[in-house]
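For reference, the chains in residue letters:
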Amino acid sequence: MEIMLNGKTQQLADGSTAADLVVTLGLTGKRVAMEINQEILPRSQFQTHVLQPGDQVEVVHAIGGGLAKSL
């Protein structure tokens, strides 16, 4: 399936979760925030939230000093 990730197309396997996306991006264990279709997704829901084709996803991760970096 295809989603929009930070404004660019991204291919994922059908049935991928938000947690799967974190792994795909190599961000496992890092502090990340995710917004899906303009709604913040709580980290507690990453494992269970199944992404849908066409979802608009924004992912940022925290870097030193409290700054957030878009991928």
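Now for a quick tour of the structure. (Residues numbered from 1 in each chain as written. Predicted model: local features only at pLDDT ≥ 70, side-chain atom pairs only at ≥ 80, totals over all residues. Heavy atoms only, no water.)

Turning next to the overall build of the protein chain. Secondary structure summary: the protein chain contains one helix and six strands in total. In sequence order, the secondary structure elements of the protein chain are arranged as β-β-α-β-β-β-β. For the protein chain, the residues scored as buried account for 31% of the 71 residues in total. Restricting the contact set of the protein chain to residue pairs at least 6 apart, pairs at least 24 apart contribute 49%. Accessible surface, the protein chain: about 4500 Å² in total, of which carbon and sulfur atoms supply 51%. (Helix = DSSP H or I, 4+ residues; strand = E, 2+ residues; numbered from the N terminus. Buried < 20%, exposed > 50% of the residue type's maximum accessible area, 1.4 Å probe, protein only. Contact = heavy atoms within 4.5 Å. Areas by Shrake-Rupley, 256 points an atom, 1.4 Å probe, with all protein chains shown as cover.)

Right, let's talk about the environment of Ala13 for a bit. Note that Ala13 resides in the loop between strand S2 (8-11) and helix H1 (18-24). Its relative accessible area of 52% is what places Ala13 among the exposed residues. Separated by 40 residues in sequence, Ala13 and Pro53 place their C-alpha atoms 10.0 Å apart.

With 17 residues, the main nonpolar core has Leu21, Met34, Phe46, Leu51, Val57 and Val59 as its most contacted residues. Those elements that place two or more of their residues in this core are strand S1 (2-5), H1, strand S3 (32-36) and strand S5 (56-63). (Core = buried A, V, L, I, M, F, W, Y, C linked by side-chain atoms within 4.5 Å.)

This paragraph deals with unusual backbone geometry. In this model, Asn37 sits at a positive phi of 50 degrees, which is unusual for a non-glycine residue. With respect to the helices and strands, the residue Asn37 is situated in the loop between S3 and strand S4 (39-41). Non-glycine residue Gln38 carries a positive phi angle of around 70 degrees. Mapping Gln38 onto the fold places it in the loop between S3 and S4.

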